[in-house]
Amino acid sequence: MSASIHVDARRPGTAISRNIYGHFSEHLGRCIYGGLFVGKDSPIPNVNGMRSDVVNALKKLEVPVLRWPGGCFADEYHWRDGIGPQEQRRRMVNTNWGGVVEDNSFGTHEFLELCRQIGCAPYINANVGSGNVREMAEWVEYLNSDGDSTVARERWANGSREPFHVKFWGVGNESWGCGGNMRPEFYADLYKQYQTFCRTYGRDRLYRIACGPSGDDTRWTEVLMERAGKHLDALTMHYYTVPGPWENKGSATGFTKEAYDITIEKANRIEAILESHLAVMDRFDPDHRVGLIIDEWGTWYDVEPGTNPGFLYQQNTMRDAMVAALSLNIFNAHADRLVMANIAQMVNVLQAVILTDGEKMLLTPTYHVFDLFRPHMDANLLGTAVFADTMANGVRQVSASASVKDGAVTVTAANLDFERETELVLNVEGKETAAVEGRILTGAPDAHNDFGSEHTVEPAPFTAFRRTERGLVLTLPACSVAALTFRA
Ligand code: AHR
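What you see is a predicted model, and the numbers here were worked out from it, not measured in a lab.

J.: For the overall build of the protein, give the residues involved together with the corresponding values.
T.: Looking only at helices and strands, the protein features nine helices and 24 strands. Here the protein has a C-alpha radius of gyration of 22 Å; the compact-globule value for 488 residues is 23 Å, and the two agree. Considered along the principal axes of its C-alpha atoms, the protein spans approximately 70 × 55 × 45 Å. A separation threshold of at least 6 residues defines the contact pool for the protein, and within that pool the share at least 24 residues apart is 76%. Between the centroid of the 47 positive side chains of the protein and the centroid of its 62 negative side chains there is a distance of 5 Å.

J.: Mind laying out the side chain of Asn-94, listing which residues take part and the relevant values?
T.: On the secondary structure map, Asn-94 appears in the loop between β6 (92-93) and β7 (101-102). Not counting the four nearest positions on each side in its chain, Asn-94 is found in contact with His-27, Phe-73, Gly-99 and Val-100.

J.: Let's hear about the sheet that holds strand β16 (residues 380-387): which residues, and what values?
T.: Spatially, the ten strands line up as an open sheet ordered β21-β20-β24-β18-β17-β16-β1-β19-β23-β22, and their pairing is mixed. Looking at the sheet topology across the chains shown, the edges are occupied by β21 (460-461) and β22 (465-468). Relative to strand β23 (residues 471-476), strand β19 (residues 422-429) runs antiparallel, the two sharing five bridges. Across the sheet, residue Glu-423 finds its bridge partner in β23, namely Thr-475. Here helix α8 (residues 318-333) sits on the sheet in contact with β16, β17 (398-405), β18 (408-415), β20 (436-442) and β24 (480-486), set at roughly 55° to β17.

J.: Account for the packing of helix α2 (residues 108-118) against helix α3 (residues 133-144), naming residues and giving values.
T.: In the contact formed by α2 and α3, the axes pass within 12 Å of each other and the chain directions differ by 50°. The angle between α2 and α3 falls in the class oblique. α2 and α3 meet at a crossing whose hand is right-handed. Touching Thr-108, His-109 and Leu-112 of α2 are Trp-139, Tyr-142 and Leu-143, all from α3.

J.: Could you give me a rundown of the nonpolar core, with the residues and numbers involved?
T.: Counting residues in hydrophobic clusters, the biggest one holds 120 residues, and the most contacted among them are Trp-169, Trp-297, Met-322 and Phe-331. Shared between two domains, this core holds at least three residues of each, these being domain 1 (17-377) and domain 2 (383-487). Apart from the residues within four sequence positions on either side, Met-322 is in contact with Tyr-260, Ile-264, Ala-414, Asn-415, Leu-416, Cys-479, Ser-480 and Val-481. Among the nonpolar cores identified, the runner-up in size contains 26 residues, and Ala-402, Val-411, Phe-465 and Leu-474 belong to it.

J.: Describe the sheet that holds strand β10 (residues 207-210), with residues and values.
T.: Ordered by their spatial adjacency, eight strands build a closed barrel running β2-β5-β8-β9-β10-β11-β12-β13, and the pairing between neighbours is parallel. Taken pair by pair, the neighbouring strands of this sheet meet at an average axis angle of 25°, ignoring direction. Taken together, the four bridges between strand β8 (residues 121-126) and strand β9 (residues 168-171) define a ladder with parallel strand orientation. Directly across from Tyr-123, in β9, lies its bridge partner Phe-168. Sheet strands touched by α8: β11 (234-241), β12 (291-299) and β13 (338-344). Its angle to β12, the strand with the most contacts, is close to 170°.

Criteria and thresholds
- Residues numbered from 1 in each chain as written.
- Predicted model: local features only at pLDDT ≥ 70, side-chain atom pairs only at ≥ 80, totals over all residues.
- Heavy atoms only, no water.
- Helix = DSSP H or I, 4+ residues; strand = E, 2+ residues; numbered from the N terminus.
- Rg over C-alpha atoms; globule rule 2.2 N^0.38 Å.
- Contact = heavy atoms within 4.5 Å.
- Lys, Arg positive; Asp, Glu negative; His and termini not counted.
- Charge placed at Lys NZ, Arg CZ, Asp CG, Glu CD.
- Pairing = 2+ DSSP bridges.
- Axes fitted to C-alpha atoms, helices over the stretch in contact; angles between N-to-C directions.
- Parallel < 35°, antiparallel > 145°, perpendicular 65-115°, else oblique.
- Left-handed = near helix turned anticlockwise from the far one by under 90°.
- Core = buried A, V, L, I, M, F, W, Y, C linked by side-chain atoms within 4.5 Å.
- Buried < 20%, exposed > 50% of the residue type's maximum accessible area, 1.4 Å probe, protein only.
- Domains from an automatic or database assignment.

Read these as spatial facts, not as claims about activity.
Listed below in structure tokens is the structure:
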């Protein structure tokens with residue numbers, strides 16, 4: 001098999017927002033508790049309760065933005081339950097996720113401390129479904145007010161004299177489903193009401209994010225844009241790659257070629273879906289003032305045997321790495337309108353970049369894809385044409401994107417095929433390709449890292465290029481993703 005990629009480096013295009021490489025964390029299973037936060041008294045090394053091993057790995061990834069506290073949990077979350085002395089915080093049952101006790105020991109201050117340690121921007125998704133306007137308005141005031149009000153003083157009393165300067169503000173989550181089962185007309189009205197009272201304090205103009213559609217529901221997008229478009233900065237969409245029916249989604253490991261091919265085909269659908277929403281947005285907003293955010297995406301399989309079904313804990317293989325590479329290449333290509341994306345979820349839940357087991361931690365193949373794609377953050381998109389065979393599942397065998405930053409061109413290319421390698425000819429027009437650095441991530445489709453074998457799947461240096469008159473020639477193994485950077 002052979003394929004070619006042609007990159008035009010002569011005309012750098014739109015900037016790829018670093019926030020496309022964002023993450024999502026919910027009070028779900030062991031994402032927050034045990035995964036990110038262990039508490040100050042834990043024997044697991046931590047700083048102010050945040051696990052040091054996990055924070056250090058996330059810093060290396062240069063995580064740009066983190067969404068919290070949900071997900072479905074967001075519309076049952078009352079922020080005042082999570083501030084003040086730990087022992088006085090309200091206890092609740094997490095009815096969405098596993099029916100476990102939520103003691104609210106991780107709340108607003110802890111989340112902002114986590115973001116500070118990682119070095120990322122906070123994105124808070126506030127409660128519309130079971131909250132009220134005053135509750136949301138006061139959360140914004142608590143976070144951002146630099147005035148001398150009773151609410152701001154509450155924050156001072158809890159140890160933060162300075163405002164937190166939160167910018168990204170989500171108004172409800174999946175309001176068409178777990179966030180209240182609303183009609184788009186009803187949500188659009190509620191959205192306008194709620195956001196009116198989320199004020200600007202000092203220099204902190206909020207970036208207002210409305211709950212967008214589920215999957216391909218373009219009617220939701222249409223109604224929202226028509227009725228509330230001028231009141232929002234961005235709307236969201238959620239898309240999960242689920243290989244099987246909901247009752248039998250399939251295992252994260254030990255899958256067949258057929259399940260692999262279906263997974264890749266379903267992951268690829270995100271492009272047509274996001275384009276269908278962008279087409280609707282274009283009708284109402286031809287100047288592209290409103291952004292699109294995919295604030296939940298990733299694979300969703302059956303939970304690992306023996307684990308709480310409500311915790312959504314799944315392993316992560318090279319198949320997930322391929323889904324990540326394909327998705328991120330698609331996101332880059334739509335960077336003119338896609339302003340953020342948040343993989344679900346950061347640790348121990350769904351397509352996680354990190355798994356933990358007590359004091360142990362491992363990096364998943366998906367983590368390594370995010371690492372390979374780091375040069376794209378805030379780089380300028382380059383026009384990229386891919387010529388490759390179409391696989392039996394209808395997806396092109398090779399997925400790629402390219403960008404330029406500080407004179408260095410980076411091309412990320414994935415061979416999505418289950419078993420066939422491909423010879424690839426790469427041309428970069430307008431750039432000398434003499435000095436090239438490469439890294440590759442590859443393995444059997446269900447290769448993964450586990451506790452006791454944490455380093456089975458890791459990127460390796462990639463230097464097997466040949467310079468020919470046709471361009472740079474290289475062989476991409478089956479199920480692999482490479483990042484090549486040209487510096488000269
Ligand atoms: O990420 C898990 C759940 O999936 C989220 O809570 C919800 O928003 C979505 O349905």
